[in-house]
Amino acid sequence: MRRVNLRKVSSTLALVMAGAVLAACGGGGGGSTTPTATSTSPPPPPPPPPPSATTWQPGVFAAASTFKDQCANPRTGVDIENRPFPDQAGSLAEELFWLRSWTNETYLWNDEVIDRDPNTFNDRIAYFDVLKTDVIEPSGEERDDFHFSQTTEAFLESRNSVGNPGYGVEYGILQGAPPRDIRIAYTEAGSPAESLIGGEVALSRGVKILEINGQDVVNGFTTDPEIDDLLELLFPSANGLTRSFRVQDIDGTIRTFDLVTEDIVNEPIQSTGVITVGADKIGYVAFTTFSPFASEEAIIDAIQDMSDQNVTDLVLDLRYNGGGLLAVAAQLGYMIAGPAQSNGKDFERFIYNDDAGNRNPVDGSLNTPFPFINEVIKFDDASSLVEGAPLPSLDLNRVFILSTDDTCSASEAVINGLRGIDVEVILIGDTTCGKPYGFFPTDNCGITYYTIQFQGANDKGFGDFADGFFPSNANNTFGVSVPGCQVADDFTKPLGDETEDMLAAALQYRIDGTCPSISTPVTNFVASKTGPLSIAPSVRNERYYLQNVRDMSMPK
Amino acid sequence: MIRAATLCIGLVMSASCQSAAPAAVPASLIDGSTETIETLKTQIAAALGRDHVTLGQADLTQSSTLTVVPPPLGPMEKNSTAMPIRFDLFVEGDNCYAINRVTGEKTELIDIPCRAV
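What counts, and at which threshold
Residues numbered from 1 in each chain as written. Chains lettered and ligands numbered in written order. Predicted model: local features only at pLDDT ≥ 70, side-chain atom pairs only at ≥ 80, totals over all residues. Heavy atoms only, no water. Pairing = 2+ DSSP bridges. Helix = DSSP H or I, 4+ residues; strand = E, 2+ residues; numbered from the N terminus. Axes fitted to C-alpha atoms, helices over the stretch in contact; angles between N-to-C directions. Contact = heavy atoms within 4.5 Å. Buried area = accessible area lost by both parts, 1.4 Å probe. Salt bridge = Lys/Arg side-chain N within 4 Å of Asp/Glu carboxyl O. Polar contact = N/O pair within 3.5 Å; in protein donor to acceptor, adjacent residues only side chain to side chain. Nonpolar A, V, L, I, M, F, W, Y, C, P; charged D, E, K, R; others polar. Core = buried A, V, L, I, M, F, W, Y, C linked by side-chain atoms within 4.5 Å. Buried < 20%, exposed > 50% of the residue type's maximum accessible area, 1.4 Å probe, protein only.

Q: I tried to follow the sheet that holds strand S3 (residues 148-151) of chain A on my own but got confused; where do I start?
A: The strands making up a sheet are joined through hydrogen bonds of the backbone, oriented either antiparallel or parallel. Residue and element names in this part refer to chain A. Taken in spatial order, the three strands make up an open sheet running S3-S24-S23, and their pairing is antiparallel. Of all the strands in the sheet, just S3 and strand S23 (442-444) have a single pairing partner and so form its edges. Averaged over all neighbouring strand pairs, the angle between strand axes comes to 30 degrees, with direction disregarded. Across three bridges, S23 lies against strand S24 (residues 447-450) in antiparallel orientation.

Right, here's the structure in full:
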């Protein structure tokens, strides 16, 4: 209703302004030389119509709300969340002008977008694709490589999916193109991957996938349609599918077996433990996602356990953690640092575009930083947590963080947030993905658009880590150097094993501040239903694209 | 503490606007029927300027805290600022209200009877 009124207001304003313009010019056709009514001359041509809302005037932007939900093909009924579609009859031009104004109002780098005439475009996605900065960073990377869209139907389906069909594995893609090397990074407890076959666990960390359903995963699947087939085999889309596997264990043993797909529950905590070195107790927590609401309870429980065991150091394994809820990241930051170091400090500040002032330009709310959160939020209403209950804390002044290029977004916010209050972060592994940015997915007329709208910064105001954080002994030209050691992911050992290369390096560094000799960095694209996959970079079908950008790290 | 402070703000604001206002006390719903909950959702959504909200799982005939849960994260939302929004329910005379715990905004709930807890 309000949007209709805005349109009317806009139209009325246009008429009033047109009238004012006409009045200022002396009326609509009158004048001292105007022929008399008896003249036989043909009437003068009518004046040009006033600029309409969808007439492009460079640098002049109507409010995005003027065009919101004015659709060339309005949807009717309700969406899968039972919300009525807000669409009203409109036009492609209005959709394009909404994109233009919305970008101008909310895009982080709005002053770097070339203002192109929307009326020269006949496709909303094509227009959206150019509504971004073209700046190339000194590293050679695009400043904005996270700009994308998808159908709102697909967006809603993905976030409301009840089922999560799969085998219960996270893949590590050591080589995406043939000859492929696809390993198991970890498995989910109780999943088909952990079923016992011939007295042996079917799939475990380090196992290499050779064939699925008799098809050669290593050297086959070379055309685009075949790669689609491979994706379906790796990421099954339904439950109850029987797939035959041929795999190679770490010791070279070849095995074959069948697995049946089923709904998978992703557990945020993969492994925890306490390592005793002399009188010291070192906690280890492998935390793989901040995304499900259950991640809050999982990480609180893990830190509580570390606190109960009086750990004096912590190795936080974020090597496969692509991010999620910043609030849970802020809780984790508090639980590591404790009140003395974090009280009154910001975990993450939000930087919007220069025109936003002290407001979030997306919803108009005050721009309020996230503090280090010291109490239970209770995201999961069904959890046993008590809202507002104080969180445990380890009160550490340093933390070892295990990282790969899949360590992204909210995970990087933990690194940056702790560095912002001078908690020493020691980075063991590889360069993080470099995503200090965020967005608010926004639907208009059936497309959900993702455009970068904020950058996160820590209590010191620092947030420039678009090229990632890297261990200080790595030979990186760009990025933010953090004390620590470059170490390749070690697929030959279980997570949490003291001899696994990354954890072992952390333990060594803790003792004497030295690193093991640099092992060859492995391009460690971790892939799963929630991770990126580098199969063939040239492929850009929708499914491939979505699977690759799921943690926002792949489009780099 | 935040909750108590917000409730106080709401109550002070309420008292300042009404002379001899009846005492306001924490409340829960009398009727937890689907129809009442739908009415409640509509009014809370309007208070938040939204088309639709999803409420938490608490039994609002027993609890005086109403939670609006954020939608689950999409698979590409890895830097999400999502947070639940909480309201405190209270009754003042014959009227039932919800106070936004963050903003302190007070919303009268129409045709939603509640009782003191």
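From this point on, the discussion continues.
Q: Is there a simple way to explain the interface of chain B and chain A in this structure?
A: The accessible area lost on association of the parts is a frequent measure of interface size. With 24 residues of chain B in contact, the opposing surface of chain A contributes 40 residues. With both chains or domains summed, chain B and chain A bury close to 2700 Å², and 59% of this area falls on carbon and sulfur atoms. Contact with chain A buries area across many residues of chain B, yet Met76, Lys78 and Asn79 of chain B alone supply 32% of it, more than any other trio. One can count two salt bridges joining chain B with chain A. For Arg101 of chain B, the salt bridge goes to Glu387 of chain A, with nearest N and O atoms at 2.7 Å. For the pair chain B and chain A, the interface holds 13 residue pairs in polar contact (both at pLDDT 80 or more). Listed by contribution, the elements that provide at least two residues to the side of chain B that touches chain A are strand S3 (65-69) and strand S4 (79-80) of chain B. Residue classes in the side of chain B that touches chain A are distributed as eleven nonpolar, nine polar and four charged. Strand direction decides the pairing type here: strand S17 (residues 324-325) of chain A and S4 of chain B, joined by two bridges, are parallel. Within S4 of chain B, the position partnered with Gly324 of chain A by the bridge is Asn79 of chain B.

Q: Which parts of the structure should I look at to understand the sheet that holds strand S21 (residues 424-429) of chain A?
A: Residues and elements named next belong to chain A. Strand order in the open sheet formed by six strands is S14-S15-S16-S20-S21-S28, with mixed pairing between adjacent strands. A single partner strand is all that each edge strand has here, and the edge strands are strand S14 (269-277) and strand S28 (484-486). In this sheet, neighbouring strand axes are inclined to one another by 20 degrees on average, regardless of whether the strands run parallel or antiparallel. Two elements, S21 and S28, share three bridges in a ladder whose sense is parallel. In the strand pairing of S28, Leu427 is matched with Gly484. Packing against the sheet, helix H9 (residues 410-419) makes contact with strand S16 (313-317), strand S20 (398-403) and S21, and its axis sits at approximately 145 degrees to S21. In the packing of helix H10 (residues 501-512) onto the sheet, contacts are made with S14, strand S15 (280-287), S16, S20, S21 and S28, and the angle to S20 comes to roughly 155 degrees.

Q: Got a minute to help me understand the environment of Ile428 of chain A in this structure?
A: Residues and elements named next belong to chain A. As for its position among the elements, Ile428 is in strand S21. Between the C-alpha atom of Ile428 and that of Leu366, which follows or precedes it by 62 residues, the distance is 37 Å. The residues touching Ile428, leaving out its near neighbours within four places in the chain, are Ile401, Leu402, Ser403, Gly484, Cys485, Val487, Met502, Ala505 and Ala506.

Q: It is not clear to me how the nonpolar core should be interpreted in this structure. Could you clarify?
A: Burial of nonpolar side chains together is a common tendency in soluble globular proteins. Residue and element names in this part refer to chain A. By size, the foremost hydrophobic cluster in this structure holds 59 residues, and its most contacted members are Ile299, Leu314 and Leu316. In terms of residue count, the dominant contributor to this core is helix H7 (residues 326-337) (ten residues). Grouped together as the second largest cluster of nonpolar side chains are 24 residues, Val169, Val207, Leu230 and Phe257 included.

Q: Help me understand the side chain of Glu81 of chain A, please; the structure alone is not making it clear to me.
A: Its place among the elements puts Glu81 of chain A in the loop between strand S1 (70-71) and strand S2 (88-89). According to the relative accessible area criterion, Glu81 of chain A is buried, its value standing at 15%. Polar contacts involving the side chain of Glu81 of chain A include one to the side chain of Arg83 of chain A, which spans 3.0 Å. Once you skip the residues sitting within four places of it in the chain, Glu81 of chain A turns out to touch Leu156, Arg159 and Asn160 of chain A together with His52 of chain B.

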